[in-house]
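Working through the structure, step by step
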Amino acid sequence: MRPSWATTATAVAAGQANHPEILTPALVAVRKSGPLIRRHLLIALLLSLALLSTLLHLAQLHINPLGQGNVPFYAAGLIALALRFGLPRTTWRHAAPVAHFSEYVGIFTIVTLMGASASYPVAALTHGYADVTLQAIDEAMGFDWLDWYRLVADHPVLQALGTIAYRSIYLTPILLLWSAARSGQHERAYRFIAGFWVASIITLAAFTLMPAVGPFSHLWHEQIRYMPESELWQSGLLPALRAHNVHIVDLGQLRGIVSAPSFHTAAAVLYIAAGWRCPSLRWPVTVINAAMLLSTPVEGTHYLIDMILGVMVALTALALVGLYERKVIAPHRA
């Protein structure tokens, strides 16, 4: 005999029947299985996080999760999650692209933060300085960093333009990722993020072979006429990290301490390569990043060889991502 009262299971089923989930077009779009590269990238990021934790432990460093410098990132993360999972339940016509965009930016930010944070323990585990060798290579190529610096120091307009161009490293990814989200080209977005992740790893690995304080600290011994965007962090921070006088990596105060290879240069090449595939962004991205490359010697306090190495890093990353696509992605499409 069946009971006359509703069991829990039947009640739940009845409730679902009475209140069916509203599947908006945006919700259907974001629930589709993402490209294979997305799943592989997320696995790679988890492995990178484990490696970062190991490096921090070896260098006697840690990230304080309750640090005030983390608050903006927590707030941005919450906003990104709300947009990613909340917007698709609305009928707003831009809900799907904005949701995808928030996901792209969130993952890209994680890659950036992990790479910048990893530079601290990597620097702490290095020895010696490669400035003499790097400068000798520049001299052999006929590049005089001091002349470049004096030119900028004598012209405030170049200083302002150089600062803006150097900071555009944060602007171009937004343009590229929004373009991919708006056009629904999810694989293109993840290909770009994967290339950035691979370039970060190669840069950090190469940095261990050629730690340097940069040409500003190494070559300029007069009164400072103009303080570049990157300032003089390497000369003070590298020795402190090696002596284990620094114990906390503050996400809100991350400083660029990698001189060679130049990651700004690597990023510019990656940005131009990604923008070249998008006709509407091809020339704006190229012009913006050409300006960033011109600003990098002074604002990033980089030797010319640093930049050449940065180009090589980017080309290697693009080649590895291309190889991955041919060997892993292409067979799944067949």
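Each remark here, short or long, concerns the structure printed above.
These lines cover the structure that appears in this document, whether it is placed above or below.

Mapped onto the elements of the fold, glutamate 299 is located in helix H14 (residues 282-299). No salt bridge is formed by the buried glutamate 299; its nearest oppositely charged neighbour, arginine 167, is found at 7.5 Å. Reaching out from glutamate 299, the side chain makes a polar contact with the backbone nitrogen of glutamate 229 at a distance of 2.8 Å. Sequence-distant contacts of glutamate 299, defined by excluding residues within four places in its chain, comprise Gln159, Gly162, Thr163, Tyr166, Tyr226, Pro228, Glu229 and Ser230.

A few words on the layout of surface pockets. Roughly 270 Å³ of internal volume is contained in the second largest pocket. Lining the second largest pocket are 15 residues, and of these Leu51, Leu55, Ala118, Ile201 and Leu204 lie nearest its centre. For the lining of the second largest pocket, the secondary-structure elements that each account for two or more residues are helix H3 (36-58), helix H5 (95-124) and helix H10 (186-207). Residues of the lining of the second largest pocket, tallied by class, amount to eleven nonpolar, four polar and no charged.

The next thing to look at is empty space enclosed by the protein. Following the criterion strictly, the structure yields one cavity of 30 Å³ or more and no others. As a volume, the largest cavity reaches approximately 30 Å³. Forming the boundary of the largest cavity are Leu176, Leu177, Ala180, Arg188, Ala189, Phe192 and Ala274. For the lining of the largest cavity, the secondary-structure elements that each account for two or more residues are helix H9 (171-183) and H10. When grouped by side-chain class, the residues that make up the lining of the largest cavity number six nonpolar, no polar and one charged.

Moving on: the packing of aromatic side chains. By the definition in use, this model includes 13 aromatic pairs. Ring geometry for phenylalanine 101 versus tryptophan 178: centroids 5.6 Å apart, planes at 90°, classification edge-to-face. You can see phenylalanine 101 sitting in helix H5 and its partner tryptophan 178 sitting in helix H9, a full 77 residues away along the chain. Residue classification places tryptophan 178 among the partly exposed residues on the basis of a relative accessible area of 31%. When the centroid spacing of 5.9 Å and the interplanar angle of 40° are considered together, the rings of tryptophan 145 and phenylalanine 216 count as tilted. Residue tryptophan 145 is located in helix H7 (residues 145-153), and its partner phenylalanine 216 is located in helix H11 (residues 215-219); the two are separated by 71 residues in the primary sequence. For the pair tryptophan 145 and phenylalanine 216, one class covers both residues: buried. An aromatic cluster of at least three residues, connected via ring pairs, comprises Phe108, Phe192, Phe196, Phe263 and Tyr271. One residue, arginine 242, lies across the ring of tyrosine 129, its end atom 4.5 Å from the ring centre. We note arginine 282 situated over the ring of tryptophan 276; from NZ or CZ to the ring centre the distance is 4.9 Å.

With that settled, consider the pattern of salt bridges. For the coordinates displayed, the defined rule picks out six salt bridges. Its salt-bridge partner being arginine 84, residue glutamate 103 comes within 2.6 Å of it at the nearest N-O pair. A residue pair is termed long-range when its members are at least 10 positions apart, and glutamate 103 in helix H5 and arginine 84 in helix H4 (residues 71-86) qualify at 19 residues. The exposure class assigned to arginine 84 is buried, which follows from its relative accessible area of 12%. Among the ionic pairs, glutamate 229 bridges to arginine 167, the shortest N-O distance being 2.9 Å. With a gap of 62 residues between them, glutamate 229 in the loop between H11 and helix H12 (233-242) and arginine 167 in helix H8 (residues 156-167) connect regions that are remote in the sequence. The class of glutamate 229 is partly exposed, set by a relative accessible area of 28%. Via salt bridges that share partners, Arg38, Arg84 and Glu103 belong to a single interconnected network.

Definitions and limits used
Residues numbered from 1 in each chain as written. Predicted model: local features only at pLDDT ≥ 70, side-chain atom pairs only at ≥ 80, totals over all residues. Heavy atoms only, no water. Helix = DSSP H or I, 4+ residues; strand = E, 2+ residues; numbered from the N terminus. Buried < 20%, exposed > 50% of the residue type's maximum accessible area, 1.4 Å probe, protein only. Lys, Arg positive; Asp, Glu negative; His and termini not counted. Salt bridge = Lys/Arg side-chain N within 4 Å of Asp/Glu carboxyl O. Polar contact = N/O pair within 3.5 Å; in protein donor to acceptor, adjacent residues only side chain to side chain. Contact = heavy atoms within 4.5 Å. 1 Å grid on protein atoms, 1.4 Å probe; cavity = no way out; pocket = protein on both sides within 12 Å on 5 of 7 lines; lining within 4 Å. Points joined across faces, edges and corners; volume = space filled by probe spheres on them. Nonpolar A, V, L, I, M, F, W, Y, C, P; charged D, E, K, R; others polar. Phe/Tyr/Trp six-rings, centres within 6.5 Å; stacked < 30°, edge-to-face > 60°. Lys NZ or Arg CZ within 6 Å of the ring centre and 35° of its normal.

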